[in-house]
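Breakdown of the fold
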Amino acid sequence: SRWLYDARGSRLFEWITRLPEYDLARNEFAILSGHLDAIVAPLAGARCTVVDLGAGDGHKTRVLLEALRARCPAVVYAPLDLSRAALDAAARRARREVPGVEVRPVLSDWGRGLRVLPAEDGAKLVLFLGSSIGNLEHPEALALLHTIRGALRRGDHALVGFDLVKPVEDLRRAYDDAEGVTRAFNLNLLARANRELGANFDLAAWDHVATWDPGRPAMESWLESRCSQEVRIAGRVFAFAPAERIHTEISCKYDEPRIEELRRGAGFDAAGLFLDGGRRFADALWRAGEGAA
């Protein structure tokens with residue numbers, strides 16, 4: 001799903017997070033605001049580097065940075081994102097809204113970015129917020145968490161967001177909103193292929209479709225062909241039948257036992273699990289302990 005986030009895709013996604021049907025961002029912000037003291041307490045009193053994976057525009061991290069700035073002698077903020085537009089927005093916001101925090105943006109994917117970050121004095125807090133982990137199949141999610149654990153020293157922490165399983169109709173509305181913003185977000189992938197790969201997708205010949213897979217469990221996004229058509233992309237021709245689909249994204253959903261399974265599998269110690277009042281989202285605080293990942 002990384003390819004969805006060019007400059008326009010990033011702007012559309014920020015719009016999605018503000019839609020009434022998509023309560024994930026609001027629920028997580030409530031968690032961060034309501035449990036702020038418990039989240040930052042393990043880092044108080046020490047130099048701290050906050051590594052923000054898939055930072056987006058960084059608005060949810062502001063409250064954390066403000067709290068750490070008040071409790072730590074020095075704070076470095078390292079937003080890490082594939083999207084230059086999203087990264088620039090996160091850096092600008094942090095410099096404007098949290099003066100006194102040193103900002104060091106990193107343009108990279110998650111795994112490579114964690115490896116190239118220099119070792120800093122003091123503690124690290126890796127943020128993996130929103131439902132980003134849900135865009136990975138479970139083996140890939142575990143592998144990434146292993147990478148995060150391997151980049152941390154004893155006493156460092158990770159704060160990981162998990163969108164929880166909820167009524168299917170709520171999920172369908174969130175991933176196929178009435179305003180059509182999610183549809184535009186998905187179709188933008190074809191516009192990007194046209195622009196960057198010389199493809200000739202006719203965007204009007206495709207529909208956005210959201211489905212629920214209870215086995216994962218996960219929401220899935222598709223682009224469905226409205227007609228028989230041929231598309232040229234990167235020098236090849238692909239034929240599509242009516243209703244044939246391109247699979248573009250997954251968003252896995254979690255419950256508490258599966259969150260705990262990932263924590264143990266990645267080699268972290270538990271430091272806290274924080275849920276919103278409706279139990280629709282969770283932020284898990286994990287500590288890098290004695291053992292290796």
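In case you missed it, the structure is sitting above this.
Residues numbered from 1 in each chain as written. Predicted model: local features only at pLDDT ≥ 70, side-chain atom pairs only at ≥ 80, totals over all residues. Heavy atoms only, no water.

1. Quick notes on the overall build of the protein
Looking only at helices and strands, the protein features 10 helices and 13 strands. Against the compact-globule benchmark of 19 Å for 293 residues, the protein has a radius of gyration of 20 Å, which places it among compact chains. Projected onto the principal axes, the alpha-carbon positions of the protein cover approximately 65 × 35 × 35 Å. Each of the 293 residues in the protein was classed as buried or not, and the buried ones make up 53%. Of the contacts made within the protein by residues no fewer than 6 positions apart, 73% connect residues no fewer than 24 positions apart. As displayed, the protein offers around 12,900 Å² of accessible surface, 52% of which is attributable to carbon and sulfur atoms. (Helix = DSSP H or I, 4+ residues; strand = E, 2+ residues; numbered from the N terminus. Rg over C-alpha atoms; globule rule 2.2 N^0.38 Å. Buried < 20%, exposed > 50% of the residue type's maximum accessible area, 1.4 Å probe, protein only. Contact = heavy atoms within 4.5 Å. Areas by Shrake-Rupley, 256 points an atom, 1.4 Å probe, with all protein chains shown as cover.)

2. Describing the sheet that holds strand β11 (residues 245–252)
Read from one edge to the other, the open sheet built from 3 strands follows the order β7-β8-β11, with strand pairing classed as antiparallel. The open sheet has two edge strands with one neighbour each: β7 (206–213) and β11. Pairs of neighbouring strands in the sheet enclose a mean axial angle of 20°, with direction left out of account. Sheet analysis places strand β8 (residues 218–225) next to β11, joined by 7 bridges and oriented antiparallel. If you follow Leu223 over to β11, its bridge partner there is Ile246. (Pairing = 2+ DSSP bridges. Axes fitted to C-alpha atoms, helices over the stretch in contact; angles between N-to-C directions.)

3. Focus: the nonpolar core
Note on soluble globular proteins: their nonpolar side chains tend to be buried together. Ranked by internal contacts, the top residues of the largest apolar core, which has 44 residues, are Val50, Leu64, Leu68, Tyr77 and Leu159. Top element by residues in this core is helix α4 (residues 62–71). It accounts for 5 residues. Apart from the residues lying within four places of it in its own chain, the contact partners of Leu68 are Val40, Leu43, Cys48, Val50, Val75 and Leu125. With 31 residues, the next largest nonpolar core counts Val51, Leu145, Phe162 and Ala266 among its residues. (Core = buried A, V, L, I, M, F, W, Y, C linked by side-chain atoms within 4.5 Å.)

4. Focus: the environment of Leu107
Of note, Leu107 is situated in strand β4 (residues 106–107). A relative accessible area of 42% means that Leu107 is categorised as partly exposed. Once you skip the residues sitting within four places of it in the chain, Leu107 turns out to touch Asp81, Leu82, Ser83, Arg84 and Leu87.

5. Points about the pattern of salt bridges
The full count for this structure, using the stated rule, is 25 salt bridges. Arg280 is paired through a salt bridge with Asp23; the nearest N and O atoms lie 2.7 Å apart. Taken together, the residues Arg280 in the loop between β12 (268–275) and β13 (281–288) and Asp23 in the loop between α1 (7–16) and α2 (24–34) connect sequence positions 257 residues apart. For Asp23, a relative accessible area of 17% puts it in the buried group. Notably, a salt bridge pairs Arg62 with Glu66, separated by 3.4 Å at the nearest N-O pair. Taken together, the residues span about one helical turn, with Arg62 and Glu66 both in helix α4 at a distance of 4 residues. In this structure Arg62 comes out as partly exposed when scored by relative accessible area, which is 26%. Given a relative accessible area of 27%, Glu66 falls into the partly exposed group. Shared partners join several salt bridges into a network, and the residues in it are Arg62, Glu66, Arg93, Arg96 and Glu97. (Salt bridge = Lys/Arg side-chain N within 4 Å of Asp/Glu carboxyl O.)

Just geometry here; none of it tells us what the structure is for.
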